[in-house]
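Descriptive structure summary
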Amino acid sequence: MNNSTPKPPEKQTWSQRFESALHPAIAQFNASIGFDIELIEYDLSGSQAHAQMLAYTGIISAEEGQQLVEGLEQIRQEYRQGYFTPGIDAEDVHFAVERRLTELLGDVGKKLHTARSRNDQVGTDTRLYLRDQITQIRQQICDFQTVLLDLASQHVETLIPGYTHLQRAQPLSLAHHLLAYVEMTQRDWDRLGDLSHRVNISPLGCGALAGTTFPIDRHYSANLLGFEQIYANSLDGVSDRDFAIEFLCAASLIMVHLSRLSEEVILWASEEFGFVTLKDSCSTGSSIMPQKKNPDVPELVRGKTGRVFGHLQALLVLMKGLPLAYNKDLQEDKEALFDSVKTVQACLEAMTILMQEGLEFRPTRLNEAVAEDFSNATDVADYLAAKGVPFREAYNLVGKVVKTSLAAGKLLKDLTMEEWQSIHPAFEGDIYEAIAPRQVVAARNSAGGTGFEQVRGAIERAKNRLSNSAQ
Ligand code: ARG
């Protein structure tokens, strides 16, 4: 063999049944170590619990169990210090760890895989990983809500046009608008909490598919790992990925919410709206147009949303029609899951920073915006209706007023008392107060409405809820 000929890979870990090594390209194709190294900390913890269970049940000796736990801990340290960097030849993180353990402990290392398969092992690792990530994402949602609530507290009396069909509809308290996102993300927080119970079920001990001949104690290892339950059926245990799909649904909804806010910030920052200015810390310039300041953060969040939806779709299709039990297709769940987790975490972080310090609302511009339109027309109709005019009749009357005012280039606030009276004798001097934007907002004091009193109550309740969920 000369020096330029690639060294054939060593024979693989699996059984002596195989005569020769994998074709190098196939080894590369088959390997997941490039991405499942992400699971290593969970793989080590899962294996430690398994080793302890083997010792507890007497399947291995207490001393062997101890050695395995310590050996695995050493690998953890090696990994954290950057010494443990398995290559393609390890195939996946599970083989990589077992191989290193055997290097460290000799024959004892080879006992770790008693009464276990990589199928229940990878399911265990993935659930432990996701459980941790969910905790982190829920905390990030709380941080995001804290920032929104701070902002809302500062802007209870700042008015902003409210839209339907992207047409000015009725003015709002800016706080009320921001609080809508607190509510949306609260559902995200709740949803993650709900689905986390279905993530937190142990498949360890389901074996390859049918259970094992050894007298294992699945509850023992599940307890050590903090699982709430064990899978009741071994086939289901090794092949269920519902928990990952459920997570991706929840992740997709988080992205829906973040991308809606992103779109609003992008609009608000435009010259046409001018409701916010972007701070330098969260925006970028153009390489050619020196006047520009671009809302890259919300644009990227809006763009990344598609990735997460795509991963959800990928997992649904991956699982559709998959026969029981484990199939190698399932290895494909990981990149979708990992990328979604990272994307959601990165987007939550970026949006939190953006809302905290990346933009400034422009009260003067917002005040002008709510004063220069007909978004108080409903209040004129309500005014008449409160005086006994049937609402539909009042609505039609005001429609005419808007039409003639538009033609005359006037706003409602500019109509004279005579003009009001000529429309309907029920109008009195207090009509001017009733249609002032501040009053228009304050008057919507129905439960869940934008009235300042309602908004103050909503902020209070959201703050209390947040301090309870942070506990
Ligand atoms: N790397 C594999 C995966 O991610 C581990 C399980 C392999 N199991 C098997 N029967 N080949 O799914």
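Definitions and limits used
Residues numbered from 1 in each chain as written. Predicted model: local features only at pLDDT ≥ 70, side-chain atom pairs only at ≥ 80, totals over all residues. Heavy atoms only, no water. Buried < 20%, exposed > 50% of the residue type's maximum accessible area, 1.4 Å probe, protein only. Helix = DSSP H or I, 4+ residues; strand = E, 2+ residues; numbered from the N terminus. Contact = heavy atoms within 4.5 Å. Salt bridge = Lys/Arg side-chain N within 4 Å of Asp/Glu carboxyl O. Near = heavy atom within 4 Å. Polar contact = N/O pair within 3.5 Å; in protein donor to acceptor, adjacent residues only side chain to side chain. Areas by Shrake-Rupley, 256 points an atom, 1.4 Å probe, with all protein chains shown as cover. Nonpolar A, V, L, I, M, F, W, Y, C, P; charged D, E, K, R; others polar. Axes fitted to C-alpha atoms, helices over the stretch in contact; angles between N-to-C directions. Parallel < 35°, antiparallel > 145°, perpendicular 65-115°, else oblique. Left-handed = near helix turned anticlockwise from the far one by under 90°. Phe/Tyr/Trp six-rings, centres within 6.5 Å; stacked < 30°, edge-to-face > 60°. Lys NZ or Arg CZ within 6 Å of the ring centre and 35° of its normal. Core = buried A, V, L, I, M, F, W, Y, C linked by side-chain atoms within 4.5 Å. Pairing = 2+ DSSP bridges.

Inspection of helix α14 (residues 377-386) places Ala377, Asp379, Val380, Ala381, Tyr383 and Leu384 among the buried residues, and these make up the whole buried set. Residues of α14 that are buried in the fold lie against α15 (391-408), α16 (417-423), α17 (431-434) and α18 (437-442). Following α14 by one or two positions, Gly388 adopts a phi angle in the positive range, close to 100°.

With that settled, the discussion passes to the pattern of salt bridges. One pass over the full model with this rule turns up 32 salt bridges. A salt bridge links Glu183 to Arg465, with the nearest nitrogen and oxygen atoms 3.0 Å apart. Placement of Glu183 in helix α7 (residues 174-199) and of Arg465 in helix α19 (residues 452-469) is noted, with a sequence separation of 282 residues between them. Taking the relative accessible area as the measure of exposure, Glu183 reaches 36% and is therefore partly exposed.

A few words now on unusual backbone geometry. The omega torsion of the bond from Leu324 to Ala325 falls at 0°, within 30 degrees of zero and hence cis. Assignment of secondary structure puts Ala325 in the loop between α11 (296-319) and α12 (333-358). The phi torsion at Ala115 lies on the positive side, around 60°, for a residue other than glycine. Relative to the elements of secondary structure, Ala115 occurs in the loop between α5 (93-105) and α6 (118-154). Of note in the backbone geometry, Leu166 takes a positive phi value of approximately 55° without being a glycine. Counting through the fold element by element, Leu166 comes out in the loop between β1 (159-164) and β2 (167-173).

Lining the immediate environment of the ligand, one finds Ser32, Asp36, Asp92, His94, Arg118, Asn119, Val122, Tyr326, Gln331 and Lys334. One of the side-chain N or O atoms of Gln331 is found 2.8 Å from a nitrogen atom in the ligand. When the ligand sits alone it has 340 Å² of accessible area, and the protein chains cover 87% of it. The element best represented in the shell around the ligand is α6, accounting for three residues. Among the residues forming the shell around the ligand, the class breakdown is two nonpolar, four polar and four charged.

On to the packing of α6 against helix α10 (residues 242-268), then. Orientation of α6 relative to α10, taken along the N-to-C sense of each, is 20°, at an axis distance of 12 Å. Comparing the axis directions of α6 and α10 gives the class roughly parallel. Crossing geometry of α6 relative to α10 is assigned as left-handed. Across the interface between the two elements, Thr126, Arg127, Leu130, Ile134, Ile137, Ile141 and Phe144 from α6 touch Phe243, Ala244, Phe247, Ile254, Leu258 and Leu261 from α10. Here the contact of α6 with α10 is composed, by residue class, of 11 nonpolar, one polar and one charged.

As a further point, take the side chain of Asp333. Position of Asp333 relative to the elements: it lies in helix α12. Of the residues examined, Asp333 reaches a relative accessible area of 1% and is grouped as buried. Here Arg241 takes part through its side chain, which lies 2.7 Å from a polar atom of the side chain of Asp333. Beyond its immediate stretch of four places on either side in the chain, Asp333 contacts Arg241, Leu315 and Leu318.

A separate point is the packing of aromatic side chains. For any pair of aromatic rings, the description rests on two quantities: the centre-to-centre distance and the angle between the ring planes. This model, assessed by the stated rule, comprises nine aromatic pairs. Between Phe273 and Phe275, the ring centres sit 5.3 Å apart and the planes meet at 85°, which makes this aromatic pair edge-to-face. The exposure classification of Phe273 matches that of Phe275, with both residues buried. A centroid spacing of 6.3 Å and a plane angle of 45° characterise the contact between Phe391 and Tyr395, whose relative ring orientation is tilted. Here Tyr395 and Phe391 lie together in helix α15, a separation of four residues that amounts to about one turn. Taken together, the aromatic side chains of Tyr42, Tyr129 and Phe338 make up a single cluster linked through ring pairs. For Arg138, the ring lying beneath its charged end belongs to Trp189, and the centroid distance is 3.7 Å. Over the aromatic face of Tyr395 sits the side chain of Arg392, whose NZ or CZ is 4.6 Å from the ring centroid.

Leu130, Leu192, Phe247, Leu258, Met355 and Phe361 are the most contacted members of the largest nonpolar core, which has 88 residues in total. Of all hydrophobic cores here, the second largest spans 23 residues; its members include Leu44, Ile59, Ala90 and Leu105.

Let's shift gears to the packing of α11 against α12. Running from amino to carboxyl end, α11 crosses α12 at an angle of 155°, the nearest separation of the two axes being 9 Å. In terms of orientation, α11 lies roughly antiparallel with respect to α12. Every pair of crossing elements has a handedness; the one defined by α11 and α12 is left-handed. From α11, Val297, Pro298, Val301, Lys304, Arg307, Val308, His311, Leu315 and Leu318 reach across to α12, where they touch Asp333, Ala336, Asp339, Ser340, Thr343, Cys347, Ala350, Met351 and Leu354. For the contact of α11 with α12, the per-class residue count stands at 11 nonpolar, three polar and four charged.

Pairing between β1 and β2: six bridges, direction antiparallel. Each bridged residue has a counterpart across the sheet, and for Pro161 the counterpart in β2 is Pro171. Adjacent in sequence and paired antiparallel, β1 and β2 are bridged by two residues, among which His165 carries a positive phi angle near 55°.

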